[in-house]
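What the coordinates show
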Amino acid sequence: MTRRALPLVMLLGAIGLLAAPSQAQLTDQPLTGAGILKSLSEQVGAGHGDVMTPGSAVYIIKRDPFRSIRRGRQIFQRKFTISQGLGPRTVDGQGSIAADISIGAGLADSCAACHGRPRGSAGHGGDVFTRPDSRDAPHLFGLGLKEMLGDEITTDLRAIRDNAVTQAMNSGQPVTLPLTSKGISYGQIRAFSDGQVDSSQVEGVDGDLRVRPFFHHGATISMREFAAGAFNAEMGLETGDPMLNVAAAGGAIVTPSGMVLDGSLDTTEAPVAADDLDDPDGDGVVNEIDPAIIDHMEFYLLNYFKAGRYRQTPATRAGLRIFSELGCTECHIQNLQIDSDRRVADVETVYDETNGHFNQLFATATPLFHEVDDGMGFPTLKVPNGDPFLVENIFADLKRHDLGPNYWEKNHDGTIQKEFITEPLWGVGTTIPYGHDGRSINLREAILRHGGEAQASRDAFASQNLKKQSLVEIFLNSLVIFPPDDTASNLNPGNPGDPLFPQDGHGSINLGALFNDPGEGE
């Protein structure tokens, strides 16, 4: 088995051979005459498979990863049909919503129906009745980075706990250790000589020390669970994904995207279908979401773009400085380090008035993998480098906090949700309205709504003169998400001389262009 460096030509070789730009939602061209060229069964291909099965999801992810990303994106934008299993809602929208909040999740026909702004992005825009005050759908930029950060922090915290237990058992005395990972304090853990632990001083996570970075209240571990759950709750599309079923039953698996789910350590959310022949919603359609679809979706979200930064000026820099002085960065930590990056590419998107033809943004894609020839006569394996990666301008701490009564949330069962995971601020400048419930009409009101653990920072902001408050808002508004098909990049820098410019020809970000892959046709 040999390892080869990635030739630069493979990074840029497909410029000019991009597939047609994708929109917010897409129909199935074989059914409608426009949209996605591949049918759903063609996207499933040879199923989950392995690295030796051409056309399978694992084969594509491991040997042609940017094809998988492209396919995952089109699955995300696909408008599913009733014949493919769309609907009904959970128990057809009938029953106790207090017992099963997914009854209030609504019925969409694509992922982009809730996550589709700005156009063509895995953005924001949806709103559901899973709580009496509603839930606002967040954008999904940088989702894979959040999963990796949460998983690595969990590993660190549990190692500290195990160390405390070992010390206590060896010394015969209680041992208390601080729980700190990536510069973030999660309180402390106390261990006793009999191996028991006291987690009452743990902060921001449950006593099992598992960081759950998904959903506003911090409920889900992995993107795979997130995707399978959303297909079912939001679209009535069921999967019998064997990997999630194994983990939910107490087993351990490694997904094609490299996420370890160990049912002996964590509770994994089981898919609603037991296998590919199960039909829990009774609509006569089985295997509505093949595991291969989950594979591509998970890999797409793992590698999805980070949010970008708009024009940086003395005003934005002053705003960041004031933001920090007010104590906001105690929870909204600007940069966090990943120890081992599982992605195959990174995209950095910044303001560039020269090369940014649309929205004055320009993206630079960088491969993060190497090639390995396994001698099997197939295309080389594309292996993530697994290097450290500094996640810049995320402004998060992956902890739950109590922000006071203005942010508290009623549940359908009458209980009150008081703690919410810190919302990463990247993209906040283009995701109005604000709050987990979408009730704050602008950034100023979202800040002034803070209380509880953030009361001191909120009051400090309120005491500033209007100029300083405005500088904070200017800084926050420079943290943006963007439409990939309208953003020039080193993969497709655009052509202002195009006769259709600016309607077309202003460039795009298509990670499929990291390989010369004109045949995907999605």
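In case you missed it, the structure is sitting above this.
Read on for an overview of the structure. Source: prediction; values computed, not measured.

**A look at the pairing of strand β15 (residues 369–373)**
Two faces make up the sheet, and in a regular strand the side chains alternate between them. Counting buried positions along β15 yields four of five residues, so the element is predominantly enclosed. Of the strand pairs in this sheet, β15 and strand β16 (residues 381–384) are connected by four bridges, and their pairing is antiparallel. The residue bridging H370 from the neighbouring strand is V383, located in β16.

**Focus: the pattern of salt bridges**
Taken as a whole and assessed by the stated rule, the structure comprises 27 salt bridges. Salt-bridge contacts for D295 lead to R224; the nearest nitrogen and oxygen are separated by 2.7 Å. Residue D295 is found in helix α9 (residues 291–302), and its partner R224 is found in helix α7 (residues 223–235); the two are separated by 71 residues along the sequence. Judged by its relative accessible area of 0%, D295 is buried. R224 gets classed as buried once you look at its relative accessible area, which sits at 0%. Here D346 and R343 are joined by a salt bridge, their closest N and O atoms 2.8 Å apart. If you follow the salt bridges from partner to partner, you end up with K306, D341, R343, D346 and E348 in one network.

**A closer look at the environment of H357**
In this fold, H357 is placed in the loop between β13 (345–351) and β14 (361–367). Taking the C-alpha atoms as reference, H357 lies 7.5 Å from G494; in sequence the two are 137 residues apart. Reaching out from H357, the side chain makes a polar contact with the backbone oxygen of P493 at a distance of 3.0 Å.

What counts, and where the lines are drawn
- Residues numbered from 1 in each chain as written.
- Predicted model: local features only at pLDDT ≥ 70, side-chain atom pairs only at ≥ 80, totals over all residues.
- Heavy atoms only, no water.
- Buried < 20%, exposed > 50% of the residue type's maximum accessible area, 1.4 Å probe, protein only.
- Helix = DSSP H or I, 4+ residues; strand = E, 2+ residues; numbered from the N terminus.
- Pairing = 2+ DSSP bridges.
- Salt bridge = Lys/Arg side-chain N within 4 Å of Asp/Glu carboxyl O.
- Polar contact = N/O pair within 3.5 Å; in protein donor to acceptor, adjacent residues only side chain to side chain.

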